Amino acid sequence: MIETSVSRHHQNFFQVIQSYYQLTKPRIIPLLLITTAASMWIASDGKVDPVLLVATLSGGTFAAGAAQTINCIYDRDIDYDMERTRHRPIPSGRVQSRDAMIFAIALATISFTLLTVFANLLSALLAMSGIVFYVGIYTHLLKRHTTQNIVIGGAAGAIPALVGWAACTGSLSLPAWVLFAIVFVWTPPHFWALALMIRDDYAKVGVPMLPVVAGNTATTWQIWLYTLILIPTTLLLVYPLNVSGLFYAVVALILGSLFVKKAWALLHDPSNQQQARSLFLYSILYMMLLCAGMMIDSLPITHQVTTAVMALVAH
Ligand code: HEM
Ligand SMILES: CC(C)=CCC/C(C)=C/CC/C(C)=C/COP(=O)(O)OP(=O)(O)O
């Protein structure tokens, strides 16, 4: 079908490496890793074993790379038709589907091995379930069939937080599920803000992304509602769970207020591409800084400083 063998034969070694690298959609992976790291920091009270950290983040990287590669194979038809995705390695003919599948299986195998050997079986199985969920549930079952595709599919992107927790503790307790919920609730505003900007691309290939089916106004309402749920969800770590403290609470509230402000502006101007773009970019910065806030908060020194400051204020 779309695959051509033209360009494949004209690539030098580095271009081949680059093509395989691109299959993993590498720009998204760092943020997935930041959520994993934040989870690990909280799970181990700010004292993460460096070997475990490196092994878990590597395992997470390979699993996410495998998931994205299989997604690239599955979606090659629509990727070819959309401007934004046309130049990906498979639709542009630089990598064959069969080779990409071998690459994905290799990545998944390395991931499973790393996580089982250096962390534990639970974290390895969770990472594999992330691949299965992203490919089987999101890409296959939902993406082309329902406007709720990314809401339910967003669970895949929230699994790395569980992987981090499991790697440190060997189990999944309540805080792990709150971290999962934070990424889960964050995903709809993150993605729909972008979908507002590239609505026509999705419409062209018949992917029923919310703005395509329900329109801009309905989408900004949904973004607004998820944003309102997101803020209290982030605070569950402070109360009632008490695994994060004052520093994180302040960070979460400041970052959250800005999110609400941007979602509110978009709600009142649903067709403003600039606002949508601003919210999309901010969603990424938000998740980075929120996770950084969790990590800093979990450090013993932060606990000492905030306790001292509280004591001063109380006097
Ligand atoms: C079902 C859930 C999600 C969908 C459908 C989605 C979709 C997208 C899309 C289409 C892009 C634009 C990428 C491009 O231009 O090639 C994007 C960008 C991005 N996404 Fe998501 N995303 C989801 C969840 C997540 C999650 C869970 C994370 C990490 C925690 C994440 C992190 C990012 C980042 C960091 C970018 C910016 C990449 C860049 O610099 O271009 N996304 N997302
Ligand atoms: C633990 C583990 C392995 C988890 C996997 C999590 C994972 C890969 C999440 C990615 C979410 C994401 C960026 C979807 C892109 O959607 P899309 O495919 O619709 O984007 P596109 O339109 O750019 O193709």
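Cut-offs applied
Residues numbered from 1 in each chain as written. Chains lettered and ligands numbered in written order. Predicted model: local features only at pLDDT ≥ 70, side-chain atom pairs only at ≥ 80, totals over all residues. Helix = DSSP H or I, 4+ residues; strand = E, 2+ residues; numbered from the N terminus. Rg over C-alpha atoms; globule rule 2.2 N^0.38 Å. Buried ≥ 20, exposed ≤ 12 C-beta atoms within 10 Å, placed from the backbone. Contact = placed C-beta atoms within 7 Å. Near = placed C-beta within 6 Å. Nonpolar A, V, L, I, M, F, W, Y, C, P; charged D, E, K, R; others polar. UniProt positions renumbered as here; feature names shortened; annotations may be inferred. Axes fitted to C-alpha atoms, helices over the stretch in contact; angles between N-to-C directions. Parallel < 35°, antiparallel > 145°, perpendicular 65-115°, else oblique. Left-handed = near helix turned anticlockwise from the far one by under 90°. Expected span 1.5 Å × (residues − 1). Bend = angle between axes of the 7 residues up to and from the residue. Core = buried A, V, L, I, M, F, W, Y, C linked by C-beta atoms within 7 Å.

What the chain contains, in helices and strands, is 13 helices and 0 strands. Compactness check: the chain gives a C-alpha radius of gyration of 21 Å against a globular reference of 20 Å for 315 residues, within 12% of the reference. Once the C-alpha set of the chain is aligned to its principal axes, its extents read approximately 75 × 50 × 30 Å. A buried classification covers 44% of the 315 residues belonging to the chain. Residue pairs at least 24 apart in sequence account for 74% of intrachain contacts in the chain once pairs closer than 6 positions are excluded.

A few words now on the site of ligand 2. Taken together, 18 residues form the shell around ligand 2, and within it Ala63, Ala67, Gly130, Gly157 and Ile159 come nearest. At the level of secondary structure, the elements contributing two or more residues to the shell around ligand 2 comprise α3 (50-74), α6 (121-142) and α7 (149-169).

Right, let's get into the site of ligand 1. Not every one of the 18 residues close to ligand 1 is listed here, only the nearest: Arg27, Leu31, Ile150, Gly153 and Gly157. Looking at the shell around ligand 1, the elements that each hand over two or more residues are α2 (29-43), α7, α8 (174-197) and α12 (273-298). Here the shell around ligand 1 takes 5 residues from α8, the largest share from any one element. Classifying every residue of the shell around ligand 1 gives 10 nonpolar, 6 polar and 2 charged.

The next point concerns the environment of Leu107. Its place among the elements puts Leu107 in helix α5 (residues 97-118). The spacing of Leu107 and Leu228 is 121 residues in sequence and 37 Å in space, taken between C-alpha atoms. In this view, Leu107 contacts Phe62, Gly65, Ala66 and Thr69; residues no more than four positions away in its chain are not counted.

Turning to the UniProt feature "transmembrane region" (unreviewed entry) in the chain, a few remarks are in order. This chain's UniProt record puts "transmembrane region" (unreviewed entry) on residues 28-44, 50-74, 95-115, 121-138, 150-172, 178-198, 245-267 and 279-296. Between the C-alpha atoms that bound residues 95-115 there is a distance of 28 Å. The span itself is 90% helix and 0% strand. The span residues 150-172 is 87% helical and 0% strand by assignment, and the distance between its end C-alpha atoms comes to 24 Å.

Direction vectors running N to C along α3 and α6 enclose 20°, while the axes themselves pass 10 Å from each other. Classified by the angle between their axes, α3 and α6 sit roughly parallel to one another. At the point where α3 passes α6, the crossing takes the right-handed sense. Between α3 and α6, the contacting residues are Thr56, Gly59, Gly60, Ala63, Ala66, Ala67, Ile70, Asn71 and Tyr74 on the first element and Ser123, Ala127, Gly130, Ile131, Tyr134, Val135, Thr139 and His140 on the second. Looking at side-chain class alone, the contact of α3 with α6 contains 9 nonpolar, 8 polar and no charged residues.

The subject of this paragraph is unusual backbone geometry. Going from Tyr239 to Pro240, the amide bond is cis rather than trans, its omega being 5°. As for its placement among the helices and strands, Pro240 is situated in the loop between α10 (210-235) and α11 (246-267). Its identity as a non-glycine residue notwithstanding, Lys25 has a phi of 45°, on the positive side. Lys25 gets classed as partly exposed once you count the C-beta atoms within 10 Å, which come to 17.

Turning to helix α13 (residues 300-314), a few remarks are in order. Taking 1.5 Å of rise per residue, the 15 residues of α13 would be expected to cover 21 Å, and the 21 Å separating its terminal C-alpha atoms lies within 8% of that figure. Within α13, only 0 of the 15 residues are buried, which leaves it mostly out in the open.

Working note: α-helix, 3.6 residues per turn, so residues spaced by three or four point in the same direction. Roughly 30° is the biggest bend found in α6, and it falls at Phe133. Every buried residue of α6 is listed here: Ser123, Ala124, Leu126, Ala127, Gly130, Ile131, Tyr134, Val135, Tyr138 and Thr139. Summarising the contacts, the buried residues of α6 are in contact with α3, α5 and α7.

By the secondary structure assignment, Arg277 is in helix α12. The spatial distance from the C-alpha of Arg277 to the C-alpha of Phe247 is 29 Å, given a sequence separation of 30 residues.

Attention now goes to the environment of Phe103. Assignment of secondary structure puts Phe103 in helix α5. Each C-alpha atom of the pair Phe103 and Ile231 lies 39 Å from the other, and the pair is 128 residues apart in sequence.

Here we take up the nonpolar core. Counting 85 residues, the largest nonpolar core has Ala66 and Leu162 as the members making the most contacts within it. Broken down by element, the residue count for this core peaks at 13 residues, all from α8. With sequence-adjacent residues up to four places away left out, Leu162 is seen in contact with Leu126, Leu172, Ala176 and Phe180.

Moving on: the packing of α11 against α12. Interhelical geometry of α11 versus α12 gives an angle of 170° and a closest axis separation of 9 Å. When the interaxial angle is binned, α11 and α12 end up roughly antiparallel. Contacts between α11 and α12 involve Phe247, Tyr248, Val251, Ala252, Leu255, Leu258, Phe259, Lys262, Ala263, Ala265 and Leu266 from the former and Gln275, Ala276, Ser278, Leu279, Tyr282, Tyr286, Leu289, Leu290, Gly293, Met294, Ile296 and Asp297 from the latter.

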